[in-house]
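The lines below spell out each chain.
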Amino acid sequence: MINRDDLGSWLDGPKIEREDGDWPGRRLGLPETGSHSLAPAWRRLLGLLVDWFMCLAIANLIGSSNPFLAPGIFALEHFLLVSTLGYTVGHRIFGIEVRRLDGHVPGLVKALIRTALVVLVIPALIFNRDNRGLHDLAAGTVILKR
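Here the structure is a predicted model, which is why all the values come from computation and not from measurement. (Residues numbered from 1 in each chain as written. Predicted model: local features only at pLDDT ≥ 70, side-chain atom pairs only at ≥ 80, totals over all residues. Heavy atoms only, no water.)

A word on the side chain of Asp 136
Then comes step 1: You can see Asp 136 is positioned in helix α7 (residues 134–139).
Then comes step 2: Take Asp 136: its relative accessible area is 3%, and that puts it in the buried class. (Helix = DSSP H or I, 4+ residues; strand = E, 2+ residues; numbered from the N terminus. Buried < 20%, exposed > 50% of the residue type's maximum accessible area, 1.4 Å probe, protein only.)

Written as structure tokens, this is what we have:
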């Protein structure tokens, strides 16, 4: 009989067999749990949804029928906030932040790379064994718990 706990949840991210004493982020020098450990997929997804619906509401308030307005506002919000503060509104609400591998705020170039790939969606859905999406790998960033 299959135990429900064995199945986990899609929000937990990919199930990868790990050696004893291994965890996502260990190879990056990050702690297994607590502050500055890798953020779980459910926080990243909910933060993204908050940002998207906020930008969609702003686009609707403007009242334009341009289909690129909401994605454009989303890209602008993501780029400006991640490059300067290291988090978006959704990230802040769910206690996560974007950092370079050295722990600093991403800055303009890394935030631009990351934003372009997040807007394309697919790169953000493909993860490695450290639960980092292609957008984070390309930009040299990680999403951490605050």
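Don't stop here, the text continues.
Section: the UniProt feature "transmembrane region" (unreviewed entry) in the chain
Then comes step 1: Under the present numbering, the feature "transmembrane region" (unreviewed entry) in UniProt falls on residues 45–62, 68–90 and 111–127.
Then comes step 2: For residues 111–127, the end-to-end C-alpha separation is 18 Å, with 76% helix and 0% strand making up the annotated structure. (UniProt positions renumbered as here; feature names shortened; annotations may be inferred.)

Re helix α3 (residues 69–84)
Then comes step 1: The terminal C-alpha atoms of α3, which comprises 16 residues, lie 22 Å apart, in line with the 22 Å expected from a rise of 1.5 Å per residue.
Then comes step 2: With its phi angle positive at about 90 degrees, Gly 86 sits one or two positions after the end of α3. (Expected span 1.5 Å × (residues − 1).)

Looking at the pattern of salt bridges
Then comes step 1: Counted by the stated rule, this structure contains five salt bridges.
Then comes step 2: Linking Glu 97 and Arg 146 is a salt bridge whose minimum nitrogen-to-oxygen distance equals 2.8 Å. Linking Glu 97 in strand β1 (residues 96–100) with Arg 146 in the segment after β2 (141–145), this pair joins segments that are 49 residues apart in sequence.
Then comes step 3: Its relative accessible area of 40% is what places Arg 146 among the partly exposed residues.
Then comes step 4: Here Asp 136 ties to Arg 114 by a salt bridge, and the two come within 2.7 Å at their closest N and O atoms. (Salt bridge = Lys/Arg side-chain N within 4 Å of Asp/Glu carboxyl O.)

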